[in-house]
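Remarks on the overall topology
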Amino acid sequence: MTDLILLPRVAFRGRQIKGARLIGLIALLAGDLRTGCGIARLVEGLWPDKQPEHPVNAVQVLVSRARAQLGPETIVSTATGYRLALAENEVDTSTVLLSASAASRESRAGDHVAALAHAEAGLALWEEVPSVQSSDDPLTALRAERVLTYQSLVRVRALTLSRLGRHAAAVADLTALVAESPRDEELLLELLRCEHATIGAAAALTRYDEYRRLLRDELGTDPGPALQAMHQQLLEGRSPTVRYGVLYDANPLLGRSSDIAAVTSLMRTSRVTSIVGTGGLGKTRLAHVVSRQADQRAVYFVPFVGLAEGVSAAVESAVETTDLANALSGALLVLDNCEHVLDEVADLVRTLVSSTEDVRVLTTSRAPLGLSSEAVYLLPELDLPVAVELFRQRATAARPGVSLPSEAVEQLCRRLDGLPLALELAAARVRVMSVEEILHRLSDRFTLLRGGARDSPERHKTLQSVVEWSWQLLDPAGQAALPVLSVFPGGFTAEAAAHLLGSDDVLEHLVDHSLLKVVETKAGTRFRMLETVREFGALRRGPDALARFLAWARDFGRANYESLFYTNPYAGADLIRSEQDNLLHALRIGLATDDAPTVAATAAVLAALWTVESNYPRLHTLNKQIAWILSHYHPEPEFVDVTRAAAVLCTSNLFAVEGPQPSRVLLVLRRLPAEPVGNSPLRAASLALAAAPEYWADNQATLKALCDHTNPLVAGFANGVASYVYRGLNDLESAVTAVDRAIKALSTTDCPWLQVAAFGVGAGMCFHAGLSAKSRAYMQMSLPLLERLGAWSDVAQIRWGMVQVNLHLGEIDEAERWLALTALNKADDIINGLLPVAGARAEIALARGEIDAGLRQWRRAVEQMRNAKSRTFTVEIPGMAPWVLEHEAIAIVAHAQYGRLDLVADLVGTLPGKLVTLLKNPTTAPSPYIVDHALIGVVLIALSYVNLGDAPRMVALAQRFQYLGGFQPTMSVPRVRQLPDSVDTQAYEQAVAEFATMRTIDLRPAVLAMLEAR
């Protein structure tokens, strides 16, 4: 995506940028995207006539304005000046250079389809033809530099269009280019070829003669060999003379330009080209377009619809001779709809290719011919934007003024698989139905989608007849297999097919008839049915198919539920992820039918994947779905381990998000029979989690015994749990010690994901304990594996953690770099929605001395957090969301430190009451993500700045509460300590001594007493 647009207009991420000098700054930085610009270069470019009195300050002010509009992360400081923190493909003036380079490279390599795609992508970045203008203005100068790039792209586009046989599209650009460069023989050669194809050989010969005379008169020489060869061809009159059976379009063909180019290119290198795909894709229409544009002197288009036999006779009738070898020399023969006479067609084509040197054959079929001379082009479905446009055009033609809601139209096009025929049949229904009604009735698509246009072929009158045609061409084994395999909603592997069918021999037969698509994935080769084919199969599916599918799901779950926690979690994650839709389908069926074994097996493997991916919302939902059925299930011996796994993973997620508490899944875990742990990570975890009731009631004896267990997996899990228990007790020193022991124990195991999970816990504990360098090291060790696994919520937390920890260490540039990386986050809900990015930007601005911008950003951060929502964390008391309270408190602190409390008077007025509410409503089972005693500490810091007389005691109490210090420099220890020292150092030291001996349980009453005494 191009974020910064400078060529047609000036905008950043869709928002217009105004101000000539501000635009000039951005243009200068965009012109040197990789290295940026030094201060001297910026001053020279922005003030060419008269420099400001303080040029460095003037540049800094301008950069601050730019950061305010573009975001503080967009412009970063360098050793000598500034640069844009944007990639080359995010700025259009650099993107066009990439496009021009790629287009030229592909053109030289002979890949004209790719060259054309790059050229058109580059040219699309201009909205009109650019012109060269002379000006000192940086934007005008940058645009003028890119005019040469524009001209280069136009040249490549014109040449590749001609070489792909799209002569009519190329001729205008080539004419203009030749007029500008009359001696460029490469351009002239393609122009002659285009004129020959579009307006005849006479015009091309005239242009050639004019050029030859020009060369002789001015240089005394002749055209080059390539032009002379073209001249000879023109004299021989090699122009298309026959177009038998080739039809013209009744309406525009949408979204097939790349397919036309690809087929045309294949026809130049292969004797036989077959357009293959399922019914209703538009194979015939594509073949007509390619035929109209073909270079051959004669084109014969022979359709086989309704033909049961006699392929050779049909072709002889079209060519009007039985001597096909001689008649088709140099010609293109197009054979349409070959699937039902495939053997006869293959025999004929084999004979023609072997007996005629330069014949070209193009076929359309639902199955390839299977010849060695054949190149197969698998015609894809329309992509979503093209499908939407096709539906809109056809629907509007059927009923002008029809309402076409974007969301409903997109959903309809997705469900119709991008099949042009299905889209046209659906569009015809808007005469009597709304789009929403069509969408609602799509569950019975074969009844709904019938009755196409009068000029449509009979086989395209209904969607069912299209699929039925392919079905009837299957052998008995194929007809038996298709309904069974339609039970998979997410595609399947050959192994899964064999599980249901007893063998995978039939798959190639179904692929050959375009009823299955072959898809390459990270987990290997998979087979997929279009939704239309799946529904057709479902109508013919017997009850035993579902039972076989559920048996496959149970076996898959039992075989793979623990694979993610061993040596190679990547392969396991890819495999389970590829089957996710199928497993979810089986889980839903199991829940609906009270099939506990299926629920246990599928929940175990899905929970494993979502745990590794840190997909907390899905785990949260899964826990609610399976809790009741598993709590009433007494598993058979072969399902004990998967039941335990499901319970372990759901319990650990519940504890992590909501804190330790009784639950049905915990009951399941405690009720299952104990098994030797061995090298099973989930059995080890079950020991630590099942003992939770003993240690959450202030009884850590069981937990301590598990922490010293001889099995490293048990010791690792137990110490990890202990670190959270100690943090909940406000004992950060013990929490860090426990997590260090966990990391040490797990480092001796062969479980990479468990080690990385321990690093993540360690990073958090060390950060809150003030061990910033150690926290950063743990985060750096965990990030690569989390990214590779696609654990995007954890990756988002690590990136944000790197912002915080670098701010703690005073490394502002590094913090800013990591803040820019948070834009790459793919997580949602509890992570992305609640990440305090705006607060981090505020702190970076303050650290750079940009006080007004930093304070303004803090006020904006408070508003953003107030609007943040979470589907996972629930807030029982309105206005008491912890992420909001933290931001409100730190915003007050920041404004107080710079004497601007007047700007946040509304926050100051409400904060004391919120603190009282927080104190009187303690969290009974604190989540590791929401530690309310640390939140109390940060609110106390804020109030100490408002009530200076109480500051010494409030700061001392806040330190006992281990206040949240993530935002630096505002919440740095030295800066916070300046407050009580400036008021009364002795009173502060006395308060520290008084509260140091106070029990944790007595801290809340002490704060309440202080507030009531005010």
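Presented here is a report on the structure given in the accompanying data block.

What counts and how
Residues numbered from 1 in each chain as written. Predicted model: local features only at pLDDT ≥ 70, side-chain atom pairs only at ≥ 80, totals over all residues. Heavy atoms only, no water. Helix = DSSP H or I, 4+ residues; strand = E, 2+ residues; numbered from the N terminus. Buried < 20%, exposed > 50% of the residue type's maximum accessible area, 1.4 Å probe, protein only. Contact = heavy atoms within 4.5 Å. Areas by Shrake-Rupley, 256 points an atom, 1.4 Å probe, with all protein chains shown as cover. Pairing = 2+ DSSP bridges. Salt bridge = Lys/Arg side-chain N within 4 Å of Asp/Glu carboxyl O. Phe/Tyr/Trp six-rings, centres within 6.5 Å; stacked < 30°, edge-to-face > 60°. Lys NZ or Arg CZ within 6 Å of the ring centre and 35° of its normal. Arc of directions from axis to C-beta.

1. Overview of the overall build of the protein chain
In terms of helices and strands, the protein chain carries 49 helices and 14 strands. Classification of the 1014 residues of the protein chain by burial places 53% in the buried group. Long-range contacts, defined as pairs at least 24 residues apart, comprise 70% of the intrachain contacts of the protein chain with a sequence gap of at least 6. As displayed, the protein chain has an accessible area near 43400 Å², and 51% of this comes from carbon and sulfur atoms.

2. A few points about unusual backbone geometry
Not every positive phi belongs to a glycine, and Asn337 is a case in point at roughly 60 degrees. Accessibility expressed as a relative area gives 7% for Asn337, which makes it buried.

3. Some thoughts on the sheet that holds strand 1 (residues 4–5)
Spatially, three strands are ordered 1-2-3 in an open sheet, and the strand pairing comes out antiparallel. Two strands close off the open sheet at either side, each with one partner strand: strand 1 and strand 3 (15–16). For strand 2 (residues 11–12) and strand 3, the ladder comprises two bridges, and the chain directions are antiparallel. By the bridge assignment for strand 3, Ala11 is matched with Gln16.

4. Topic: the environment of Arg799
The residue Arg799 is located in helix 40 (residues 792–808) in this model. For Arg799, a relative accessible area of 6% gives the class buried. Through-space distance from the C-alpha of Arg799 to that of Arg41 is 33 Å; in sequence the pair is 758 residues apart.

5. A word on the pairing of strand 6 (residues 81–84)
Across two bridges, strand 4 (residues 37–38) lies against strand 6 in antiparallel orientation. Each residue of the ladder has a partner; that of Cys37, found in strand 6, is Tyr82. Here three bridges tie strand 5 (residues 75–77) to strand 6, and the two strands are oriented antiparallel to one another. The residue of strand 6 that forms the bridge with Ile75 is Leu84. Here strand 5 folds back onto strand 6 in antiparallel fashion, the turn holding three residues.

6. Focus on the environment of Gly370
Along the polypeptide, Gly370 turns up in the loop between strand 11 (360–365) and strand 12 (374–378). By relative accessible area, which is 64% here, Gly370 ends up exposed. Counting along the chain gives 218 residues from Gly370 to Arg588, while the straight-line C-alpha distance between them is 42 Å.

7. Section: the pattern of salt bridges
Counted according to the given criterion, the structure contains 46 salt bridges. Two residues, Arg207 and Glu195, come together in a salt bridge whose shortest N-O distance is 3.0 Å. In this pair, Arg207 is assigned in helix 9 (residues 201–218) and Glu195 in helix 8 (residues 185–198), connecting sequence segments 12 residues apart. The partner of Asp347 in a salt bridge is Arg350, with the nearest N and O atoms 2.9 Å apart. Remark: Arg350 and Asp347 occur in helix 15 (residues 342–355); sequence separation between them is three residues, near one turn of the helix. Judged by relative accessible area, which is 42%, Asp347 ranks as partly exposed. Given a relative accessible area of 44%, Arg350 falls into the partly exposed group.

8. Remarks on the packing of aromatic side chains
Applying the stated criterion across every chain, the model contains 11 aromatic pairs. Ring centres of Tyr244 and Tyr300 lie 6.3 Å apart, and the angle between their planes is 40 degrees; on these two criteria the pair is classed as tilted. Taken together, the residues Tyr244 in strand 7 (residues 242–244) and Tyr300 in strand 9 (residues 298–303) connect sequence positions 56 residues apart. For Tyr300, a relative accessible area of 10% corresponds to the buried category. With centroids separated by 5.8 Å and ring planes inclined at 20 degrees, the aromatic side chains of Phe759 and Tyr778 adopt a geometry described as stacked. Within this pair, whereas Phe759 is found in helix 38 (residues 752–768), its partner Tyr778 is found in helix 39 (residues 772–789), the two being separated by 19 residues in sequence. On the basis of relative accessibility, which here comes to 15%, the residue Phe759 falls in the buried class. With a relative accessible area of 10%, Tyr778 lands in the buried category. One aromatic cluster is present, built from ring pairs that chain together Phe488, Phe492, Phe527, Phe549, Trp552 and Phe556. Sitting above the plane of the Trp471 ring, Arg540 keeps its charged end 5.5 Å from the centroid.

9. A few points about helix 17 (residues 406–415)
Burial in helix 17 covers these residues: Ala408, Val409, Leu412 and Cys413. Take helix 17 and look down its axis: the buried residues cluster within an arc of 130 degrees, on one side only. Facing away from the buried side of helix 17, by more than 90 degrees, are the exposed residues Glu407 and Arg414. Residues of helix 17 that are buried sit in contact with helix 16 (384–398), helix 18 (420–428) and helix 19 (435–440).

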